[in-house]
Amino acid sequence: MTRFFEVDALRGIALLAMIIYHIFFCLWFFTNMVPWFNPNGTGAPIAVTFVGLAGLSLVLAKKEPKQYLKRGLLILACATIVSIVTWIFYPQGCVIFGVLHLIAFGTVLAIPFLKLKWFFSISTGIIISLLGFVLSDIHLNTSLLIPLGIIPYGFMSIDYEPLFPWFGVMLIGLAIGKLLYPDGKRNTLMDKFPDDTPKIAKPLCFIGRHTLIIYLIHIPVIIAILMAFGLAVLW
């Protein structure tokens, strides 16, 4: 995978923002310390950045379709672990199709778009995003369509990013990647960035290059700290 420090650093910033959001979410969920916190929509800009960067990164990966499939399966395995753990500890709002599920399926579904021009990705991404807002108002008595954004009445999940509209966000990120990094190289606009990673950006780049493992462990760490201080109880 071609590495550019600005992409890794931005991914690191997005992950740090997500960690901060989850700290406040856990404080809101387990305690009454942050009654002013509103989890609905607060994390949307962070999720947009995170998912968009996932799409952009597909362009830089420059892998064969089988490798994208393997990557998608790995992320899906991690997503399944998240689903199982949340079902054990919070069955009424467990993660059925969260951000990792989205990125797992999106990684595979995006494979055909990697061979197409950028405008196919961005136009399809916009259409999928707009359709997502339409589908969000549809409720059917089935759970089979949850990945598509059609939910049954009373559905609740602490992390829910369905393919509509979120795969659209991923495709838009992919299109931006094709524009900014054609053929895996910086375009004339991005070429102003230095080739070497600035020292100030190295910690962020480290985080940005290890997002999957950090994402998987950060919430258990937050909850463990809250439990150590007697602020959270899981049972």
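Relevant structure appears above.
(A) Here's a closer look at the packing of helix H2 (residues 44-61) against helix H4 (residues 99-109). Their axes nearest at 11 Å, the elements H2 and H4 cross at an angle of 25 degrees. By the angle between their directions, the pair H2 and H4 is classed as roughly parallel. In the packing of H2 onto H4, the handedness of the crossing is right-handed. Contact with H2, carried on its side by Phe-50, Val-51, Ala-54 and Leu-58, involves Val-99, Leu-102, Ile-103, Gly-106 and Thr-107 of H4 and no other residues of that element. Across the contact of H2 with H4, the residue classes tally to seven nonpolar, two polar and no charged.

(B) Expanded view of unusual backbone geometry. Residue Pro-165 is bonded to the preceding Phe-164 through a cis peptide linkage, with omega at 15 degrees. Position of Pro-165 among the secondary structure elements: in helix H6 (residues 163-180). The residue Lys-62 is not glycine, and still its phi comes out positive at about 50 degrees. Structurally, Lys-62 can be placed in the loop between H2 and helix H3 (65-89). A positive phi angle, close to 60 degrees, is found at Asp-183, a residue other than glycine. Structurally, Asp-183 can be placed in the loop between H6 and helix H7 (202-208). By relative accessible area, Asp-183 is classed as exposed at 69%.

(C) Broad picture of the pattern of salt bridges. Tallying each qualifying case throughout the model produces five salt bridges. One salt bridge in this structure joins Asp-8 and Arg-11, with 2.8 Å as the shortest N-O distance. With Asp-8 and Arg-11 both in helix H1 (residues 5-30) and three residues apart, the pair spans about one turn of that helix. Neither Asp-8 nor Arg-11 differs from the other in exposure class; each is buried. For Asp-195, the salt bridge is made with Arg-186, and the minimal N-O distance between the two is 3.3 Å. Its relative accessible area of 68% is what places Asp-195 among the exposed residues. Take Arg-186: its relative accessible area is 14%, and that puts it in the buried class. Taken together, the shared-partner salt bridges connect Arg-3, Asp-8, Arg-11 and Arg-209 into one network.

(D) Up close: the nonpolar core. The biggest cluster of nonpolar side chains holds 55 residues, and the ones touching the most others in it are Leu-100 and Phe-167. Every element with two or more residues in this core is listed here: H1, H2, H3, H4, H6 and helix H8 (211-228). Discounting residues that sit within four places of it in the chain, Leu-100 has contacts with Ile-75, Cys-78, Ala-79, Val-82, Leu-212, Tyr-215 and Leu-216.

Cut-offs used in this document
Residues numbered from 1 in each chain as written. Predicted model: local features only at pLDDT ≥ 70, side-chain atom pairs only at ≥ 80, totals over all residues. Heavy atoms only, no water. Axes fitted to C-alpha atoms, helices over the stretch in contact; angles between N-to-C directions. Helix = DSSP H or I, 4+ residues; strand = E, 2+ residues; numbered from the N terminus. Parallel < 35°, antiparallel > 145°, perpendicular 65-115°, else oblique. Left-handed = near helix turned anticlockwise from the far one by under 90°. Contact = heavy atoms within 4.5 Å. Nonpolar A, V, L, I, M, F, W, Y, C, P; charged D, E, K, R; others polar. Buried < 20%, exposed > 50% of the residue type's maximum accessible area, 1.4 Å probe, protein only. Salt bridge = Lys/Arg side-chain N within 4 Å of Asp/Glu carboxyl O. Core = buried A, V, L, I, M, F, W, Y, C linked by side-chain atoms within 4.5 Å.

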